[in-house]
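Structural features, examined
Residues per chain, in single letters:
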Amino acid sequence: MIRAPEDPVDQPSPFYYMSLRMQDVTGDGGVLKEVLRHGSGRIIPLTASVSVHYSAYSEYTDKPFDSNVQRNMPRFMKIGHDITLLGMELAMPTMKKGEFSRFLFKPQYAYGVMGCPPRIPPNATIMFEMEVLDFLDTVESDEYFSMSQEEQVKYPLDKLPNVANTERELGNHFFHQKRYEDAKDQYKKALSVFANRQPANEAQNQKFHSSKLLLFLNLSIIYLKLDSPSRALVYGERALQIESKHPKALFRCGQACMLLLEYDKAKDFLIKAQKLEPFNPDINSALVKLDGCFREWNLKEKEMCSKMFAASKHATVKD
């Protein structure tokens, strides 16, 4: 706890009053915590990568000296690797997803005796407000990708879908940040887990297919975002090899074919998707757009034929 001033003339500081209602995280009063909104699920494990909103304040100031709240989806930070502030490192494993808490960090858990002038005074206690947006336990993924290729081949088959799904979730994080190249690389990293590995039984085969299906769909939409419809079509068709009547895979293939000006193939994919999901607004909008493309194409063809006929007629008269 932050001590009250020994001199009765001195008034207790705002942080002192705040500390009275806080819990001691470290046992020495160096990191204190107050939960402002409870989260749900399990406590963040020490092996997790965490996405948080935070704002940091010096005492007697209303404006944070550091904050990432303006970022819609902050990057994942790996506990034990990416977090430089000791107080923050110790605070995260006390939290749950969705939790919003306030912390006080004594100097030894923050910026030390020197501080970081002019923003952070010397020997300063600071306040952090933190909200956990999401976290992923990456222990199996970290273990797998730290191995040599020879070791990866011997990695238990039952664990491979977990590794791939963790990497896919990281890819989804990049996707929501519109970091499409990074998302693509992450999805391909996830797919690499299944390279040269064959499931030993039907249960494993189902799990492999489920993981691959999601990754093929992810890569299909990523390549649409990256203006590469031919690659989008490849991954959409790979998804259909796993599940031939998957409406999202059919829709992605239809979108790709439209961009490739293969309108007949696009129509075939989209009508199949519509039969499976007749009230899907995205599929129905794509079919309306496709109809407009057909009409525009036919008009251009008529115009081209008309010009060719006129040119041919003019040449005949000249002869």
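Let me begin by describing the structure that accompanies this report. (Residues numbered from 1 in each chain as written. Predicted model: local features only at pLDDT ≥ 70, side-chain atom pairs only at ≥ 80, totals over all residues. Heavy atoms only, no water.)

With that settled, the discussion passes to the packing of helix 5 (residues 160-176) against helix 6 (residues 180-192). The contact between helix 5 and helix 6 brings their axes to 8 Å, and the two run at 170°. Considered as vectors, helix 5 and helix 6 are oriented roughly antiparallel to each other. On the side of helix 5, the interface is formed by Ala164, Glu167, Arg168, Leu170, Gly171, Asn172, Phe174 and Phe175, while helix 6 contributes Tyr180, Asp182, Ala183, Gln186, Tyr187, Lys189 and Ala190. (Axes fitted to C-alpha atoms, helices over the stretch in contact; angles between N-to-C directions. Helix = DSSP H or I, 4+ residues; strand = E, 2+ residues; numbered from the N terminus. Parallel < 35°, antiparallel > 145°, perpendicular 65-115°, else oblique. Contact = heavy atoms within 4.5 Å.)

Let us now look at the packing of helix 5 against helix 7 (residues 202-225). For the pair helix 5 and helix 7, the least separation of the axes is 10 Å and the interaxial angle reads 20°. Comparing the axis directions of helix 5 and helix 7 gives the class roughly parallel. As helix 5 packs across helix 7, the resulting crossing turns out to be left-handed. Here Leu160, Pro161, Asn165, Arg168, Asn172 and Phe175 of helix 5 lie close against helix 7, whose contacting residues are Lys207, Phe208, Ser211, Leu214, Leu215, Asn218, Ile221, Ile222 and Lys225. In terms of residue class, the contact of helix 5 with helix 7 is made up of eight nonpolar, four polar and three charged. (Left-handed = near helix turned anticlockwise from the far one by under 90°. Nonpolar A, V, L, I, M, F, W, Y, C, P; charged D, E, K, R; others polar.)

Let's shift gears to the nonpolar core. Ranked by internal contacts, the top residues of the largest apolar core, which has 47 residues, are Leu160, Phe175, Tyr187, Phe269, Leu270 and Leu290. Of all elements in the fold, only helix 5, helix 6, helix 7, helix 8 (229-242), helix 9 (247-259), helix 10 (263-276) and helix 11 (281-318) reach the threshold of two or more residues within this core. Take this core: its biggest share by element is 10 residues, from helix 7. Sequence-distant contacts of phenylalanine 175, that is, excluding residues within four places in its chain, are made with Tyr180, Ala183, Tyr187, Ile221, Ile222 and Lys225. Grouped together as the second largest cluster of nonpolar side chains are 27 residues, Phe65, Leu85, Met92 and Tyr109 included. (Core = buried A, V, L, I, M, F, W, Y, C linked by side-chain atoms within 4.5 Å. Buried < 20%, exposed > 50% of the residue type's maximum accessible area, 1.4 Å probe, protein only.)

Read these as spatial facts, not as claims about activity.
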